[in-house]
Amino acid sequence: MLEGIGEDPDREGLRETPERIARMCEELFAGREADGQEELSKVFAAEGSQMVLEKDIPFYSMCEHHMLPFYGKAHVAYLPEGRVVGLSKLARTVEIYARRLQIQERMTEQIADAVAAFLSPRGVMVAIEAEHMCMTMRGVKKPGSRTLSVAVRGAFETDALLREQFFWMLGMGTGAQGWRG
Ligand SMILES: [Zn+2]
């Protein structure tokens, strides 16, 4: 890549860059080696079935089309059925699916599928808001624009009130008609 952009890979500042990037990639793409099931199988018995929402989980991922970062916040909600998971495990699950070459839409679905499969709740809802560097530093160059994506499973698919409660708990209100599906 250095040669491709006309750089001299042997000049002082760049000599160790390939190794540095290789080490960085081990960290940025470590999610491919991680297991969402392992995180989400640490559950506790709990009464009640009202919505649990872990919001504003920060994440950094890499767009697979341009290998540029996209980053923002993930919000993960579920309806417990007799058991709950440690809250840090939801954040860890987001990290697992963020740390790989990714697209936001697929990441949203994968997190919803993992929580649905491994926690077996009554329903799952995931929303992700992110800024994509491939939108803001190149191409259409629209800094500040954000992409929102949402995935629902179980009771959230059929119950519009649950979806409204989700956005109300996020502080997004109920005015966004588009979210009601
Ligand atoms: Zn991209």
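Criteria and thresholds
- Residues numbered from 1 in each chain as written.
- Predicted model: local features only at pLDDT ≥ 70, side-chain atom pairs only at ≥ 80, totals over all residues.
- Heavy atoms only, no water.
- Helix = DSSP H or I, 4+ residues; strand = E, 2+ residues; numbered from the N terminus.
- Buried < 20%, exposed > 50% of the residue type's maximum accessible area, 1.4 Å probe, protein only.
- Contact = heavy atoms within 4.5 Å.
- Areas by Shrake-Rupley, 256 points an atom, 1.4 Å probe, with all protein chains shown as cover.
- Salt bridge = Lys/Arg side-chain N within 4 Å of Asp/Glu carboxyl O.
- Donors = N, O, S within 2.8 Å, 3.2 Å for Na, K, Ca; no water.

1. Side note on the overall build of the protein
Next, step 1: The helix and strand tally for the protein stands at 7 helices and 7 strands.
Next, step 2: Over its C-alpha atoms, taken along the principal directions, the protein stretches across nearly 65 × 35 × 20 Å.
Next, step 3: The buried share of the protein, taken over its 181 residues, is 36%.
Next, step 4: When contacts within the protein are restricted to residue pairs at least 6 apart in sequence, long-range pairs at least 24 apart make up 68% of them.
Next, step 5: Looking at the protein as shown, the accessible area adds up to about 10,400 Å², and 52% of this sits on carbon and sulfur atoms.

2. Some thoughts on the pattern of salt bridges
Next, step 1: A complete count under the given rule lists 9 salt bridges for this structure.
Next, step 2: Residue Arg99 pairs with Glu27 through a salt bridge whose shortest N-O separation is 3.9 Å. With Arg99 in the loop between helix H3 (87-98) and strand S5 (101-102) and Glu27 in helix H1 (residues 17-28), the pair connects residues that are 72 residues apart, well separated along the chain.
Next, step 3: Accessibility expressed as a relative area gives 23% for Arg99, which makes it partly exposed.
Next, step 4: Its salt-bridge partner being Arg153, residue Asp113 comes within 2.7 Å of it at the nearest N-O pair.

3. Notes on the coordination of the zinc ion
Next, step 1: Coordination of the zinc ion by the protein comes from Cys63 (SG), His66 (ND1) and Cys134 (SG), over a distance range of 2.2 to 2.3 Å.
Next, step 2: Read in sequence order, the donor residues coordinating the zinc ion give the pattern C-x2-H-x67-C.

By themselves, these figures tell us nothing about what the structure is for.
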